[in-house]
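Observations on the three-dimensional arrangement
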Amino acid sequence: MKKAQMNAGQNGSEKKDDTLKSDDINTPQNVLSEPPRTQMLNRLWEFQQSKGFISDSDISTLAREYDLSVIEVEGVVSFYHFFHRTPAGKFTIYLNNSMTSELKGFRRMLEAFEHETGAVAGSVDPTGTFGLFLTPCIGLCDQEPAALINFYPFTNLNTLKIRSVITKLKKGVPVSKICDHPDSHIRYTSTKDEGVFFREFNPGDTLLKLSRMGPEGVIDVMRDSKLAGRGGAFYPTWMKWQAAAEEEKKPKVVICNADEGEPGTFKDRVLMNEVPETMIEGMIACGYTIGAEYGFIYLRGEYRWLKAKIDKALDLYREKGFLGRHCGGISGFHFDIRVQMGAGSYVCGEETAMIESLEGKRGEPRTKWFFPVQKGYLQLPTVVNNVETFCAAARVIQMGVKEYTRYGLPKSPGTKLISVSGDCRLPGIYEIEWGMTLKELLDLCEADDPWYIQESGPSGTVLGLEDMNRPIAMFGDMFTQHIRCGGAVTIFNKRRDITQILMNYANFYTSESCGICTPCRAGNFIIQRKLEHLQNGLADADDLEDLRKWSFLIRNTSRCGLGKTANNSLVIALDKFADYFTDHITPSDKVQNRKFDLESATHEYESYKD
Amino acid sequence: MAKHVNITIDGRSFLVEEGKNLVTVAQENGIFIPSLCYFDHIDPPLGTCRTCTCKINGKFGPACTTKATEGLTLEVNTEELKDTRKALVEMMFAEGNHICPSCEKSGNCDLQHMGYELGITHSRFPHLFKDRMIDYNSKRMVMEHNRCIKCLRCVVEVFTDDGKRVFNYQCRGNETYVGVDYEQEARLTHEQAVNAMNICPTGAIIVRGESMAKPFGDRKFDQTSHREDFDEKPKSTRKPGKKTPKVIGTVSLAGCFGCHMSLLDIDTELLDIVQLVSFNKSPFTDFKEFTKRCDIGIIEGGCCNDENVETLRKFRENCDVLVSVGECAIWGGLPSLRNMVPLGECLEEAYLNCVTNEVGSNVVPYDEDLPKLLDRVYACSEIVKIDYNIPGCPPDAQHIWKAVKNILWGEEYSVLYSEFKYD
């Protein structure tokens, strides 16, 4: 608590504090001395939302305000794919083109949208009413095909529904009136009592306990609960919090990573929709532990429809005095939170890229010269944790370690949220206890003839029938090969084409790479070209070997996790489904002629025959 | 005084300053780690090009963004790492459209130099031929996006006097490019502009009137090299032995016959050649068809039409070993300049919209007897399996002959730096 008091003192605003309203004091501009540039994304969103695009004069205005060159602002705008430089239509439609969407009829939906709106994918119709764009996973894999119209969700689409929606929009019905309210689809919670994540929770439940526990107490509880980063890296939460607590530099920052971009993952969406309070209290607990002054929720642009709900929860917390000055009644602990909208970029889920983005820059991951707990947001000590981690942290404090560790395995206590989608009858959220086997999970969701299972999204691994009895756990023992699941299981049955799946992922990484390092920018592009070759039936055994070698090369040399994991699935699939690939390549015959499609290569020239 | 720590580089121990980046540390101790984005005064280092990838405490990592700490182990020159770094530079050549013979920066280019130093003969990756623009809009500079390797140097180094950026990344993914702010560029002093050109490791930033200032012989990399030949000795499947006569076939596909001309430049060794080999299907003999099986087929040029493809396939069927000679055969070379533009546009520009067209003759030629143009120019290796590549434009006569002798009779040889360096 002493730390927290010192913070306030260091801001030099201690004296003025009492004369001002609490709202005025706890803005990040005051507390963190944020430079104006950090507002860049918000300003760009304002322009984008009000006019449907960002004009040259908007860019010059921002450049003048922030004292930047125009090219720097343009660099930021062009990085995020929800920002447009030309009018994007009165109604901007983003149709999801992720793999689950492809399974559920993406092509037909695209045709239907094109037919109904008169816009061609990637452009605006001649009247300027509808803009039709494609976007990777929007976190609604349990109710695909899905699209966002002016960032309102429309789920379980079919051609009739599309026709009726577009007709209504043409008649002038507001989007907010006809949009869907995505179901959370919580299909299963642990059989013991109420589970962990969705049990009853009253705002303030954990706050009273905090001052009793003290910062050290919270760290102890985190250590005993063995809570580890639920974004998928499983870095022990207590170690991160302790490292940040030990940093002497003030003020400190807490960031909640709600940029759930990994295709196939939607657990954070459900958590924020159902229990945003636990996320907020997890952040408060972290802030209290490390002595932070301010928190950010970096919410992905695709989840804009959740923003109102989170803002409402934050307001409630402020009203009750759980946020702001002497938050939760803990004297000297001043903490507030705001939501920052992302603007369409997968790589911003990487913590340092997220920090850059919060600072109003391009979301390029930093080098590992410093860790965020040393120099993060505005070079201040920063803790970045996933939504689920904060929710779990709040639950651990609420339930107590003893109750929490009743769930799961001794080495991996607790439960885990898994987003299940693809070929199964019951897609949705499964709160499993660590230790459940893959087969049990697939039985629960009534998977249809599972054959190829994508675990933890494209950057995770591929599982097959031989993995059915492996337990899902954070830390296994010596005898079982556990599956370390980051939160998504996407099921594909035997009728699905593996090359199509891998191609979808390759396209995703080629366009989502931030472009800063060579292996990820160029390498993923090269892999995509090579997979095209495979898809066209032109590859031979050497090409498969190239794919394997080049994937390792990209993994070994990339700058951040995106490049390092982009080709995980590819490499594993090449091994696990070797038979499939042998069937799909051209055998090298004795003259070693590569298959080359002469007909398609001369096709264009043939059009001059007349 | 700075604290010192013990580190191990390739098994040797060194006492070095703590916290310094490993590229500098290695350099200070006489160990060369290749790097393209690294600049000693940019702190912290950029870590964008990744060509300094080493093994740090057993794990792959970039040397430039890793600090020296007590007990650190650094592996630099293992076969695996050398190949990894080479692959990264090859990747840059495959990603960009680097046409060295027509580049103002040739001889002053860090990327080109790195290619030579690492002994790159060809890129293992297919060239991507992405359509990129050349930006002539600024007053003084030309931004050649085809040559940019996105190292970030200019972005973080070039500022106007009042601290505004002149360059910045635009877009992302494979669309990433470095954009120029025309307004700020105009405010740079001439010296600052030239500095921007000089810090660019390739020829992406060119200041008009300054690019060819240095004559051949005085360019940055005309003389510099720390090597005379290359460590990597070409492997031969045959054991050296008596030279039995062999049969050679040669062909020029989409090439200029320059590689064939180069072969004739071999002077007195021609006498050797006549005794040791006979030419079958080849422009030298004017045999139109194969009359017997060849030991080796020498291919010049890539494939730009269906006839090239058929000829190349015949060569594959009739030769034991196929060798791509020269850039055009290896990756497409000069004819592949059209790969950045769709075929239709090329034809229309050449035959329909061309100002020198005769009146009434504006039609794209098409006849059953004419070879059909492919959608783009293909490297030979994209169509048949190629066993060896001999780079150069054209390759040196000695170089070709040595390589052929090595392949046919297992004769050992080394490529001299002077034979390998063409500009």
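Residues numbered from 1 in each chain as written. Chains lettered and ligands numbered in written order. Predicted model: local features only at pLDDT ≥ 70, side-chain atom pairs only at ≥ 80, totals over all residues.

Residues and elements named next belong to chain A. Most of strand S1 (residues 91-96) sits out of view: six of its six residues are buried. Burial along S1 is two-sided: Phe91, Ile93 and Leu95 and Thr92, Tyr94 and Asn96, pointing in opposite directions, are all buried. Here six bridges tie S1 to strand S3 (residues 130-135), and the two strands are oriented parallel to one another. Paired with Leu95 across the two strands is Leu134, which belongs to S3. For S1 and strand S4 (residues 147-149), the ladder comprises three bridges, and the chain directions are antiparallel. The partner of Ile93 across the bridge, within S4, is Ile149. (Buried ≥ 20, exposed ≤ 12 C-beta atoms within 10 Å, placed from the backbone. Helix = DSSP H or I, 4+ residues; strand = E, 2+ residues; numbered from the N terminus. Pairing = 2+ DSSP bridges.)

What links the strands of a sheet is backbone hydrogen bonding, and the strands pair in either a parallel or an antiparallel sense. All names here are of chain B. One open sheet accounts for five strands, arranged S2-S1-S5-S3-S4; its pairing is mixed. Edge positions in the sheet fall to strand S2 (12-17) and strand S4 (59-62), since each of these pairs with one other strand and no more. Direction aside, the axes of adjacent strands within the sheet are offset by 40° on average. One ladder, built from three bridges, connects strand S1 (residues 4-9) with strand S5 (residues 72-75); its direction is parallel. Pairing of Thr8 across the sheet is with Thr73, part of S5. (Axes fitted to C-alpha atoms, helices over the stretch in contact; angles between N-to-C directions.)

What follows is about the nonpolar core. Counting residues in hydrophobic clusters, the biggest one holds 234 residues, and the most contacted among them are Ile93, Ile255, Cys256 and Ala393 of chain A. The biggest single contributor to this core is helix H18 (residues 387-399) of chain A, with nine residues. Filtering out sequence-adjacent residues up to four positions away, Cys256 of chain A remains in contact with Met279, Met283, Gly295, Phe296, Ile297, Tyr298, Asn385, Val387 and Phe390 of chain A. Core analysis: the second largest hydrophobic core is formed by 44 residues, Cys259, Ile298, Tyr378 and Ile400 of chain B among them. (Core = buried A, V, L, I, M, F, W, Y, C linked by C-beta atoms within 7 Å. Contact = placed C-beta atoms within 7 Å.)

This next bit is on the domain arrangement of chain A. Residue and element names in this part refer to chain A. Under the domain assignment used here, chain A contains domain 1 (91-183), domain 2 (188-404), domain 3 (416-493) and domain 4 (512-583). If you average the C-alpha positions of domain 3 and of domain 4, the two centres end up 23 Å apart. Secondary-structure elements contributing two or more residues to the side of domain 3 that touches domain 4 are strand S13 (450-455) and strand S14 (461-463). Residue composition of the side of domain 3 that touches domain 4, grouped by class: three nonpolar, five polar and no charged. (Domains from an automatic or database assignment. Nonpolar A, V, L, I, M, F, W, Y, C, P; charged D, E, K, R; others polar.)

Right, let's talk about the domain arrangement of chain B for a bit. As assigned here, chain B comprises domain 1 (4-77), domain 2 (94-207) and domain 3 (246-420). With centres defined by C-alpha atoms, the gap from domain 1 of chain B to domain 3 of chain B works out at 43 Å.

All names here are of chain A. Strands sit in the order S2-S3-S1-S4-S5 across an open sheet of five strands; the sheet is mixed. Across the chains shown, the open sheet's two edge strands, defined by having one partner strand only, are strand S2 (123-124) and strand S5 (152-154). Two elements, S2 and S3, share two bridges in a ladder whose sense is antiparallel. In the strand pairing of S3, Ser123 is matched with Leu132.

A few words on the confidence of the model for chain A. The predicted coordinates should not be examined in detail at positions where pLDDT is low. In this model, chain A carries a mean pLDDT of 88, and residues with pLDDT of at least 70 account for 94%. For the stretch residues 1-23 of chain A, pLDDT sits under 50, and the model shows 23 contacts to residues farther than four places along the chain or on other chains. (pLDDT = per-residue confidence, 0-100.)

Residue and element names in this part refer to chain A. In this structure, Tyr505 sits in helix H21 (residues 498-512). By the C-beta count within 10 Å, which is 27 here, Tyr505 ends up buried. In this structure the C-alpha to C-alpha distance between Tyr505 and Met239, which are 266 residues apart in sequence, comes to 33 Å. Discounting chain neighbours no more than four positions away, the residues touching Tyr505 are Pro458 and Ser569.

Mapping Glu317 of chain B onto the fold places it in helix H9 (residues 306-318). Between the alpha carbons of Glu317 of chain B and Cys294 of chain B there is a distance of 9.7 Å; along the sequence they are 23 residues apart.

Mean pLDDT over chain B stands at 87; residues scoring 70 or higher make up 95%. Here the prediction assigns the complex a pTM of 0.90, and the interface score ipTM is 0.89.

At the junction of the two partners, chain B supplies 55 residues and chain A supplies 45 residues. With seven residues, helix H2 (residues 79-95) of chain B is the largest single contributor of residues to the side of chain B that touches chain A.

The geometry of helix H22 (residues 518-535) of chain A relative to H2 of chain B is characterised by a closest axis approach of 10 Å and an angle of 60° between their N-to-C directions. By the angle between their axes, H22 of chain A is oblique relative to H2 of chain B. For the element pair H22 of chain A and H2 of chain B, the recorded crossing hand is left-handed. On the side of H22 of chain A, the interface is formed by Thr518, Pro519, Ala522, Gly523 and Ile526 of chain A, while H2 of chain B contributes Leu88, Met91, Met92, Ala94 and Glu95 of chain B. Of the residues assigned to the contact of H22 of chain A with H2 of chain B, the class counts are seven nonpolar, two polar and one charged. (Parallel < 35°, antiparallel > 145°, perpendicular 65-115°, else oblique. Left-handed = near helix turned anticlockwise from the far one by under 90°.)

Looking now at the packing of helix H15 (residues 276-290) of chain A against H18 of chain A. Residue and element names in this part refer to chain A. One can describe the packing of H15 onto H18 by two numbers: an axis separation of 7 Å at closest approach and a directional angle of 80°. Classified by the angle their axes make, H15 and H18 are roughly perpendicular. Together, Thr278, Met279, Glu281, Gly282, Met283, Ala285 and Cys286 of H15 and Val387, Phe390, Cys391, Ala393, Ala394, Arg395 and Ile397 of H18 make up the contact between the two elements. Residue classes in the contact of H15 with H18 are distributed as ten nonpolar, two polar and two charged.

All right, on to the pairing of strand S8 (residues 167-170) of chain B then. Residues and elements named next belong to chain B. Where S8 lies against strand S9 (residues 177-180), four bridges are found, and the strand directions are antiparallel. Paired with Phe167 across the two strands is Val180, which belongs to S9. Counting the residues in the hairpin turn of S8 and S9 gives six residues, including Cys171, whose phi is positive at 55°.

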